[in-house]
Amino acid sequence: MKQGYTISFSFNCRSFVKGKLRERIMLKNPEEEHPKKAFGWAARVQSEVLSPFKFFRRATGEKDVALKVLYCGICHSDVHMINNDWGLSYYPLVPGHEIVGEVNEVGSKVEKFRVGDKIGVGVIVGSCRSCENCANNLENYCPNYILTYSSKDYDGTITYGGYSDILVVNEHFVVHIPEKLPLHAAAPLLCAGITVYSPLRYFELDKPGLHLGVVGLGGLGHMAVKFAKVMGAKVTVISTSPHKKKEAMENLGADSFLVSYEQDQLEAARGSMDGIINTISVQHSLLPLIRLLKSHGKLIMLGGTVKPLELPIIPLLAGAANDTMTGRKIIGGGVSGGMKETQEMIDFAAKHNIIPEVEVIPMEYVNTAMERLVKADVKYRFVIDIGNTLKNSCP
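Per an unreviewed UniProt entry, the chain goes by Probable mannitol dehydrogenase isoform X1 and derives from Theobroma cacao.

Asker: Would you take a moment to explain the overall build of the chain for this structure?
Answerer: Along the chain, the regular secondary structure elements total 12 helices and 21 strands. Look at the contacts in the chain between residues 6 or more apart in sequence, and 66% of them connect residues 24 or more apart. Only carbon and sulfur atoms are counted for the fraction: they give 52% of the accessible area of the chain, which is about 18,400 Å².

Asker: Just to check I follow, could you spell out a nonpolar patch on the surface for this structure?
Answerer: A contiguous nonpolar patch, built from L311, I313, I314, L317 and I331 and spanning about 450 Å² of accessible area, is present on the exposed surface. With respect to the helices, strands and loops of the structure, I314 is situated in helix 9 (residues 314-317).

Asker: Would you explain the environment of L287 in this entry?
Answerer: You can see L287 is positioned in helix 8 (residues 287-292). Look at L287 and you get partly exposed, because its relative accessible area is 25%. Between the C-alpha atom of L287 and that of P312, which follows or precedes it by 25 residues, the distance is 6.5 Å. Residues within four places of L287 in sequence aside, it is in contact with P312 and P315.

Asker: Which parts of the structure should I look at to understand the packing of aromatic side chains?
Answerer: The way to describe two aromatic rings as a pair is by their centre distance and the angle between their planes. A complete count under the given rule lists 7 aromatic pairs for this structure. Judged by centre distance (5.7 Å) and plane angle (55°), the ring pair of Y197 and F348 falls under tilted. You can see Y197 sitting in helix 4 (residues 192-202) and its partner F348 sitting in helix 10 (residues 339-351), a full 151 residues away along the chain. Chaining the aromatic ring pairs together yields one cluster made of F53, F55 and Y160. One residue, R201, lies across the ring of F348, its end atom 5.1 Å from the ring centre.

Asker: Looking at this structure, how should I read the sheet that holds strand 14 (residues 211-215)?
Answerer: Strand pairs in the sheet, formed through backbone hydrogen bonds, run parallel or antiparallel to each other. Strand order in the open sheet formed by 6 strands is 16-15-14-17-18-19, and the pairing between neighbours is parallel. Single-partner strands in this sheet number two, and they are strand 16 (256-259) and strand 19 (330-333). Taken over all neighbouring pairs, the strand axes of this sheet differ in orientation by 20° on average, direction set aside. Note that strand 14 and strand 15 (residues 234-239) share 5 bridges and pair parallel. Note on strand 15: the bridge partner recorded for L212 is V235.

Asker: How should I be thinking about the nonpolar core in this particular structure?
Answerer: I74, Y163, F227 and V366 are the most contacted members of the largest nonpolar core, which totals 98 residues. Of all hydrophobic cores here, the second largest spans 15 residues; its members include L258, M273, I276 and L316.

Asker: Looking at this structure, how should I read the environment of V306?
Answerer: In this structure, V306 sits in the loop between strand 18 (293-301) and helix 9. Considered as a pair, V306 and V282 are 24 residues apart in the sequence and their alpha carbons are 7.3 Å apart. Residues contacting V306, with those up to four places away along its chain left out, are H80, D85, W86 and S281.

Asker: Would you explain the state of the cysteines in this entry?
Answerer: Each disulfide consists of one covalent bond between the sulfur atoms belonging to two cysteines. Counted under the stated rule, the structure contains 0 disulfides. Here C191 stays unpaired: no disulfide links it, and the sulfur of C75, its closest cysteine neighbor, is 3.8 Å away.

Asker: Got a minute to help me understand helix 4 in this structure?
Answerer: For an α-helix the count is 3.6 residues per turn, leaving residues at separations of three or four pointing the same way. Counted residue by residue, helix 4 has 9 buried out of 11 residues, so it is predominantly covered. On its buried side, helix 4 packs onto strand 14, helix 5 (219-230), strand 17 (273-278), strand 18, helix 10 and strand 21 (381-385). Taken from the residues just after helix 4, E204 is the one with a positive phi, measuring 55°.

Asker: What should I look at first to understand the pattern of salt bridges in this one?
Answerer: Applying the stated criterion across every chain yields a total of 17 salt bridges. Notably, a salt bridge pairs K226 with E357, separated by 3.1 Å at the nearest N-O pair. Placement of K226 in helix 5 and of E357 in the loop between helix 10 and strand 20 (358-361) is noted, with a sequence separation of 131 residues between them. Relative accessible area serves as the criterion here: at 24%, E357 is assigned to the partly exposed category. Where salt bridges share partners, they join R201, D206, K207 and E344 into one cluster.

Asker: Honestly, the packing of helix 4 against helix 5 in this entry has me stumped. Any pointers?
Answerer: Packed helices, taken two at a time, are described by the angle between their axes plus the distance between the axes. At a closest axis distance of 8 Å, the pairing of helix 4 and helix 5 adopts a crossing angle of 50°. Classified by the angle between their axes, helix 4 and helix 5 sit oblique to one another. Remark: the crossing between helix 4 and helix 5 carries right-handed chirality. Contacts between helix 4 and helix 5 pair A192, G193, T195, V196, Y197 and L200 from the former with G219, L220, M223, A224, F227 and A228 from the latter. Residues of the contact of helix 4 with helix 5, tallied by class, amount to 9 nonpolar, 3 polar and no charged.

Asker: Any chance you could explain unusual backbone geometry here in plain terms?
Answerer: Backbone geometry follows two general trends: most residues other than glycine have a negative phi, and most peptide bonds adopt the trans configuration. In this chain, Y91 is followed by P92 through a cis amide linkage whose omega measures 0°. Although it is not a glycine, N137 adopts a positive phi angle of roughly 60°. Locating N137 in the fold gives a position in the loop between helix 2 (132-135) and strand 11 (146-147). Using a relative accessible area of 31% as the deciding quantity, one classes N137 as partly exposed.

About the cut-offs
- Residues numbered from 1 in each chain as written.
- Predicted model: local features only at pLDDT ≥ 70, side-chain atom pairs only at ≥ 80, totals over all residues.
- Heavy atoms only, no water.
- Helix = DSSP H or I, 4+ residues; strand = E, 2+ residues; numbered from the N terminus.
- Contact = heavy atoms within 4.5 Å.
- Areas by Shrake-Rupley, 256 points an atom, 1.4 Å probe, with all protein chains shown as cover.
- Patch = residues over 30% accessible without salt bridge, like charges linked within 9 Å, V, L, I, M, F, W, Y side chains within 5 Å.
- Salt bridge = Lys/Arg side-chain N within 4 Å of Asp/Glu carboxyl O.
- Buried < 20%, exposed > 50% of the residue type's maximum accessible area, 1.4 Å probe, protein only.
- Phe/Tyr/Trp six-rings, centres within 6.5 Å; stacked < 30°, edge-to-face > 60°.
- Lys NZ or Arg CZ within 6 Å of the ring centre and 35° of its normal.
- Pairing = 2+ DSSP bridges.
- Axes fitted to C-alpha atoms, helices over the stretch in contact; angles between N-to-C directions.
- Core = buried A, V, L, I, M, F, W, Y, C linked by side-chain atoms within 4.5 Å.
- Disulfide = S-S within 2.5 Å.
- Parallel < 35°, antiparallel > 145°, perpendicular 65-115°, else oblique.
- Left-handed = near helix turned anticlockwise from the far one by under 90°.
- Nonpolar A, V, L, I, M, F, W, Y, C, P; charged D, E, K, R; others polar.

Okay, here's the thing in structure tokens:
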């Protein structure tokens with residue numbers, strides 16, 4: 001377990017006693033040096049359930065925006081981080097990187113926001129702002145990016161996420177929420193939305209008439225279907241759950257549906273897809289998906305699997321003699337998006353009425369929601385009503 005502590009030394013001439021210097025060493029949590037009292041829910045140790053937690057936020061700097069948190073989505077990454085599945089977690093850990101709130105204070109040099117604005121904060125709250133990726137509006141790929149929670153901030157303290165009442169963020173890492181978007185439904189766009197939108201754009205899977213597969217119909221998957229349909233794609237949902245077919249086609253607008261373990265269905269669709277957005281975050285075989293691609297097809301990996309996946313090489317190169325439409329295929333990936341693209345995505349969603357399907361829950365339901373999320377028992381994103389249900393009841 002990583003600890004975010006500093007050691008400070010204090011000396012005083014009165015500490016000299018009988019010719020000896022008394023050295024006072026004080027172990028202090030650096031967050032306590034911040035002036036803004038905050039309250040949220042945290043996991044104190046790895047894999048622990050969340051519980052009420054008092055902590056501190058930094059003062060609003062000259063380029064900072066302070067906001068009252070209204071809603072925060074629950075991402076599957078939150079579960080991974082609580083469990084330290086990726087070895088990145090600091091505790092206590094306050095999750096949450098799909099944050100929607102209202103500005104209640106701005107720094108003296110803030111230019112883009114004012115008090116009362118409805119805003120969003122996503123996966124990152126900092127970057128170096130000087131590397132090649134930052135210069136190209138790809139702050140999410142900066143070698144020194146700062147995650148919204150469980151990451152070392154500029155001052156060495158640990159960031160806390162949106163399962164809390166207030167947040168202080170540099171304005172560069174904040175986006176406007178258009179009036180047309182319901183605030184509770186806007187929250188998942190800040191991770192799930194941008195995570196699928198960005199690769200659709202970058203890998204040029206946003207062209208009308210392309211055939212796109214979407215693997216997994218959860219938080220990311222249902223957003224991939226919605227964006228791809230508006231972009232003009234033919235969309236096939238690929239799932240292990242046959243009961244999701246009606247939902248995928250009638251509610252989300254998918255054109256077809258494949259059950260991933262039905263070999264006859266996969267065989268009939270072999271070599272038919274220009275691209276596949278794979279949102280699965282558990283162990284699974286890639287070969288059936290590669291076979292669904294046309295030559296020059298692209299398999300885009302977005303699920304953060306804990307264990308490595310086996311990658312068959314021959315089907316990427318030329319395929320076997322009995323394969324159809326094989327060879328010259330690409331496997332890529334991505335995470336989140338830069339700030340410019342995130343605002344573009346939010347505006348695109350508002351323009352085209354792309355609204356995530358959410359279940360709004362009170363704060364005290366969060367641990368039950370986590371259990372349901374692991375079982376895929378949600379359509380399709382939990383969103384915590386922070387503004388109305390987060391009660392400062394910590395002793």
